[in-house]
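# What the coordinates show
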Amino acid sequence: MKYGFFDDEKREYVIETPFTPLPWINYLGSQEFFGLISNTGGGYCFYRDAKLRRLTRFRYNCVPRDTGGRMFYINDNGTIWSPTFLPSKTPLDSYRCRHGMGYTIFESGKNGVETQLTCFVPLDVNCEVNRLVIKNSSDMTKDLSIVSAVEFCLWNAVDDSTNFQRNYNIGEVEVEGSVIYHKTEYRERRNHYAFYSVNQKTAGFDTDLDSFLGRFNSYDTPQAVINGRSGNTVAHGWSPIGSHRLEYTLSPGEEKEIIFILGYIELPGNEKWEGPAANGVINKKPAQELAAKYGNSETVKKELGDLALYWNDLLGRYEADTGDKKLDRMVNIWNQYQCMTTFNMSRSASYYESGTGRGMGFRDSCQDLLGFVHMVPGRARERILDIAAIQFKSGGAWHQYQPLTKRGNADAGMGFNDDPLWLIACTYAYIAETGDYSILDELVPFDNKEGTERPLFEHLRASFNYTLNNLGPHKLPLIGRADWNDCLNLNCFSEEPGESFQTCANIESEAESVFIAGMFVLYGAQFAELCDKKGYTDEADAARREIKNMSEAVLAHGWDGEWFLRAYDSNGDKVGSKECNDGKIFIEPQGMCVMAGIGVDSGEAVKALTSMKERLTFEYGTCLVAPAYKEYHLKLGEISSYPPGYKENGSVFCHNNPWASIAETRVGNAEEAFEIYRRTCPAYIENISEIHRTEPYVYSQTIAGQESPAPGEAKNSWLTGTAAWTFVNISQYLLGIRPELDGLRIAPCLPKHYDKMRVKRVYRGAVYEISFERSIDKGVWVGGKKIEGNIVPAANEGDVVQVKVQM
Ligand code: GLC
Ligand code: GLC
């Protein structure tokens, strides 16, 4: 069942009912000011940091799930309705929510009144614009009142939802004209305030939540709306809100445009006040200017146009025309859009990430980069240097850092032994994309300590050596607290309810990871290539010898007969082996080892992938592990804490399915490679939205697995490394256009029925127009000339290069 449809022309997903299985959201903003917005107008805004600079409130665990956000009420002769359906819940005559690139539009109607509400954040501006156009399409004159509402958050979202004894006393606002200012704590240490304005003369306002709602009402039926009277309240403490009342008489056919702005203002200390600080009157000038500028119809049109151009530019760098609409819309629109969202948000703020928790993960950020480096290479460069700065001299790294301070986060700890190798992966990807080797010479400190700055290249060397310096009894890499699978904790045994599995006291252990071994072979080879480019030939040779040793160690000790083992635990017992009762086979080492090429020539690779298909793959994807663990295993950690079929314990953990797919391309199995891609790809499973439940335009982290009670049900949409990896898979391996150090490698691997297609790829400033067709005469032609091999060298900036591929 579907709840809407893709409008590819407009790059929108159009939701046709508010009754989606879950809130289906979108993101507004691209630089510092962001908003989450659901298909019923829910969500919240923040400036830079979703925890520390939260502008509007979100109630966690609220019922119904999605109250708050941008609220509008229309009172038409006693019928009260909301253009976004919530909060009033009045059934609408018509409803549409169009989630587009950086904007969301609601088109609704009731009793002959039609509204169009457009929500977006102008590029590089610290505000959200809500433009409401309201039209009387009936043949009678209508007296309408419109009431808006936002609820302010007292900045720190955690403190806001816990520290009531203080917070109920500190809320402060000012109201002047049609602008409501939220200035809590501005009198003391803050130099920022928020405002909520409307570009019209108001007929009343409210800023005190309790008076607005009334004693026993909630947002669906605020007393001020029901009674048709705003209280003109000025909040002192409790919960400050911003609510405007507008009243109009519209004749048949008449329409009115109203622009609301939710803005954020920061001022230097000496400009904070209008007059003496003791008077407590804030300097409103910058807010008034911002409100006036963006509360203008022409400006809004222009800004919407600029936003469209911005996305045209970002998405214009990889455009496929494969003849398969579903594929094209994922590649050209939604998959890349999601990659940019993970760039902006990392894992901070979604409807599943509270915005109050996690910082930026080391491995997560490195992998996200693989998906957006082609769109924002300059910002990717900066990100790499930030990440490298939380590495230690040993090559190990903090597992997370805080985006505001860019410092390692001690709560999340260190010693996740895959982390260092991801730094090689993203740096290589950056150079392959840009050809910018200068990044390797950038001086980057270790653990952000002044005086420890070394060229980035030395960080990569430290990463490579970290694995070698931490080998176990089978010459396989020690796993440390965990590798990519945060929940396979072979080193830290937890018996305390509520304790973190990753950071509880760890024991001396020689648990080893076959997955990291695969990573070492894959990314170690990239390190060796970079050594070559730097002219460090001996180092490159030495690195390749180590890689060879590691491959041999995997085949000698990491092979279980039919598939790759997952690990050795702290007792030296096998994890992910036919000898185990549960947890016999894991997806990660099959994907990673084959991607690295291990066992490709000697036959293990094909065997491993066959086992993977037989044991892990079902209708909705390839599960992480099977059979799932049925009871808690102290020595395996968090993985066995999840009920079977969920999260790391045997869901389809979408992040690693692309590894499996890429692995299939490595052994030339185009059909299954594509099937793996298709099974979890949002556009292909749109028809089962009632089962899948999360947004059909983006990937979710997990889909409940074959052993769960609800196979196919997804959770945790949007902020997942799945976005980057699926884009790498489809763009670089299935469509097969892969940036490498020496140019674009063209190696498509697609099922037979894709027989003709075109891709436009912007690469190092040149445009490659690549056309593919099937032929027995295989090869690659550049500008009409057949080239040797399949690497198209980088052209000059501004060139348009015609590439023909016969596959
Ligand atoms: C989460 C984490 C990621 C980890 C994955 C598997 O997505 O953010 O770092 O690799 O879970 O455990
Ligand atoms: C939990 C999750 C895992 C995630 C980790 C992040 O362990 O199961 O997916 O990576 O938290 O800290």
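Residues numbered from 1 in each chain as written. Chains lettered and ligands numbered in written order. Predicted model: local features only at pLDDT ≥ 70, side-chain atom pairs only at ≥ 80, totals over all residues. Heavy atoms only, no water.

It is worth spelling out the sheet that holds strand S32 (residues 652-653) at this point. Pairing in this open sheet of 3 strands is antiparallel, and the strands run S32-S33-S34 from one edge to the other. Every other strand in the sheet has two partners, leaving S32 and strand S34 (714-717) as the edge strands with one partner each. In this sheet, strand S33 (residues 700-703) lies alongside S32 in antiparallel orientation, the contact comprising 2 bridges. In the sheet register, Phe653 faces S33, and the bridge partner there is Thr702. (Pairing = 2+ DSSP bridges. Helix = DSSP H or I, 4+ residues; strand = E, 2+ residues; numbered from the N terminus.)

Looking now at the environment of Thr452. Locating Thr452 in the fold gives a position in the loop between strand S23 (443-444) and strand S24 (454-455). Among the residues examined, Thr452 registers a relative accessible area of 15% and is labelled buried. C-alpha separation for the pair Thr452 and Ala389, spaced 63 residues apart in sequence, amounts to 9.9 Å. Setting aside its immediate chain neighbours within four residues, Thr452 contacts Lys393, Val444, Pro445 and Phe446. Of the polar contacts made by the side chain of Thr452, one reaches the backbone nitrogen of Phe446; its length is 2.9 Å. (Buried < 20%, exposed > 50% of the residue type's maximum accessible area, 1.4 Å probe, protein only. Contact = heavy atoms within 4.5 Å. Polar contact = N/O pair within 3.5 Å; in protein donor to acceptor, adjacent residues only side chain to side chain.)

Further remarks concern unusual backbone geometry. The linkage connecting Val63 with the following residue, Pro64, adopts the cis geometry, with an omega of -15 degrees. Following Ala626, the chain continues to Pro627 via a peptide bond in cis, the omega torsion being -20 degrees. Take Pro627: it is sitting in the loop between strand S31 (625-626) and S32. For Lys89, which is not glycine, the phi torsion reads 65 degrees and is therefore positive. Within the element layout of this structure, Lys89 appears in the loop between strand S8 (79-81) and strand S9 (94-100).

So, about the sheet that holds strand S36 (residues 743-746). The strand order S35-S36-S41 describes an open sheet built from 3 strands, whose pairing is antiparallel. What marks the edges here is a single partner per strand, and that holds for strand S35 (737-740) and strand S41 (791-792). Here S35 runs beside S36; their pairing, made up of 4 bridges, is antiparallel. Considered in S36, the bridge of Glu740 is made with Gly743.

Our next topic: the pairing of strand S11 (residues 113-120). Looking along a regular strand, one sees side chains alternate from face to face of the sheet. With respect to burial, S11 is a largely interior element, 6 of its 8 residues being buried. By the bridge criterion, 8 bridges tie strand S10 (residues 103-110) to S11 in an arrangement that is antiparallel. Note on S11: the bridge partner recorded for Lys110 is Val113. Joining the antiparallel neighbours S10 and S11 is a turn of 2 residues, in which Asn111 adopts a positive phi near 50 degrees. Relative to strand S12 (residues 127-136), S11 is paired through 8 bridges, and the arrangement is antiparallel. Residue pairing for S12: Val113 is matched across the bridge by Asn136. Where S11 folds back on S12, the antiparallel hairpin that results is connected by 6 residues, among which Asp124 adopts a positive phi of roughly 60 degrees.

This part is about the site of ligand 1. In the neighbourhood of ligand 1, the contacting residues comprise Arg358, Arg363, Asp364, Trp484, Asn485, Asp486, Glu648, Phe653 and Gln701. At 2.5 Å from an oxygen atom of ligand 1 is found a main-chain nitrogen or oxygen belonging to Trp484. Glu648 places a polar side-chain atom, nitrogen or oxygen, 2.5 Å from an oxygen atom of ligand 1. The fraction of the free accessible surface of ligand 1 (310 Å²) that becomes covered by protein chains is 94%. The residue inventory of the shell around ligand 1, partitioned by class, reads 2 nonpolar, 2 polar and 5 charged. (Near = heavy atom within 4 Å. Areas by Shrake-Rupley, 256 points an atom, 1.4 Å probe, with all protein chains shown as cover. Nonpolar A, V, L, I, M, F, W, Y, C, P; charged D, E, K, R; others polar.)

Coordinates in, geometry out; function isn't part of it.
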